[in-house]
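Given next are the chains, with one letter for each unit.
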Amino acid sequence: MAWRLKKTVVLVGMMGAGKTAVGTQLARLLSVPFLDSDEEIEKAANMTIAEIFARDGEAFFRAKESQVLDRLLRGRPCVLSTGGGAFLAEANRAAIAERGVAVWLRADLDLLWQRVRHKATRPLLRTPNPRETLAGIYEARAPIYALAELSVESRGDYSVERMAGEVIEA
Ligand code: S3P
C-alpha cells in the first residue's frame, strides 16, 4: 500500500520500550526517513548522551533535546523516535501536537528492565539501585505519556514487525 504521511509519527515512551527498533521498521514500511532525537543530539554535539550528561548536566541535555525536536519536526514528515524524557516538557508536547502525532509505546516495567539492565549507556540509571530508579521514573512519567494521541502496547513476545503494524493500525 502506498502511504503519504502528512505528519511526523513521533514515538514516545520509556527507555527500553522499543522506540528505535519499532521506529526503524515503521519508517521502512511507510517508506519515509527514520530519525532518532538522541542520535541527532549526539551528532550535533559530537558527544554521546552519557558524555553530555556528565559534562554539561541534564538541564543542558534537555535544552538541546528541545532544540533538536523542534528542528526535526519542521522537516519533512518522517518517523521520529525520541528519548524517554522528551515528551515531559510541555513545550515539546505542544510542538509534537502541532506537527506530528505522538504514539506512546507502552511496556511493562519487567520488560523495560530486562531490556535496559545490561546497558550502561543510560545516565539516569547510574544509581545504586537502577531497577528501583527505573520504577520511580516509570511511575512518575506514565500519566504524562498517557497524554499522547495514540498508544500501542509493546510486548516482549511481539516482533518489531508486529509492533510497527500495530502503530500503523492505530
Ligand atoms: C532518557 C532516555 C534516553 C536518553 C537519555 C534520557 C530519559 O533515551 O534520551 O538518556 O530521560 O528517559 P532512550 O529512551 O532512547 O533510552
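Residues numbered from 1 in each chain as written. Predicted model: local features only at pLDDT ≥ 70, side-chain atom pairs only at ≥ 80, totals over all residues.

Where an unreviewed UniProt entry is consulted, the chain appears under the name Shikimate kinase, with the organism given as Plastorhodobacter daqingensis. The UniProt entry for the chain carries this comment under Pathway (unreviewed entry): "Metabolic intermediate biosynthesis; chorismate biosynthesis; chorismate from D-erythrose 4-phosphate and phosphoenolpyruvate: step 5/7." Looking at the Sequence similarities (unreviewed entry) heading of the UniProt record, one finds this comment for the chain: "Belongs to the shikimate kinase family." (UniProt positions renumbered as here; feature names shortened; annotations may be inferred.)

Caption draft 1: Broad picture of the sheet that holds strand E3 (residues 79-81). If you walk across this open sheet you meet the five strands as E2-E3-E1-E4-E5, and the pairing is parallel. This sheet does not close on itself; its edge strands, each paired only once, are strand E2 (34-36) and strand E5 (150-153). Geometrically, the sheet is characterised by an average inter-axis angle of 25 degrees between neighbouring strands, direction not taken into account. Sheet analysis places strand E1 (residues 8-12) next to E3, joined by three bridges and oriented parallel. Within E3, the position partnered with Val10 by the bridge is Leu80. Contacts from helix H2 (residues 37-45) reach E2 and E3 within the one sheet, and its direction differs from that of E2 by about 65 degrees. (Pairing = 2+ DSSP bridges. Helix = DSSP H or I, 4+ residues; strand = E, 2+ residues; numbered from the N terminus. Axes fitted to C-alpha atoms, helices over the stretch in contact; angles between N-to-C directions. Contact = placed C-beta atoms within 7 Å.)

Caption draft 2: Broad picture of the environment of Ile168. Within the fold, Ile168 resides in helix H8 (residues 160-169). Between the alpha carbons of Ile168 and Glu153 there is a distance of 13 Å; along the sequence they are 15 residues apart.

Caption draft 3: Region of interest: the site of the ligand. Close to the ligand lie Met15, Lys19, Asp38, Ile49, Gly83, Gly84, Gly85, Arg122, Pro123 and Leu124. Looking at the shell around the ligand residue by residue, the class counts come to four nonpolar, three polar and three charged. (Near = placed C-beta within 6 Å. Nonpolar A, V, L, I, M, F, W, Y, C, P; charged D, E, K, R; others polar.)

Caption draft 4: The arrangement of the packing of helix H6 (residues 109-116) against helix H7 (residues 130-145) in detail. Look at H6 against H7: their axes get within 10 Å of each other, and the N-to-C directions meet at 130 degrees. Classed by the angle they form, the pair H6 and H7 counts as oblique. Seen from above, H6 lies across H7 with right-handed handedness. On H7, the residues that touch Leu109, Leu112, Trp113 and Val116 of H6 are Arg131, Leu134, Ala135 and Tyr138. (Parallel < 35°, antiparallel > 145°, perpendicular 65-115°, else oblique. Left-handed = near helix turned anticlockwise from the far one by under 90°.)

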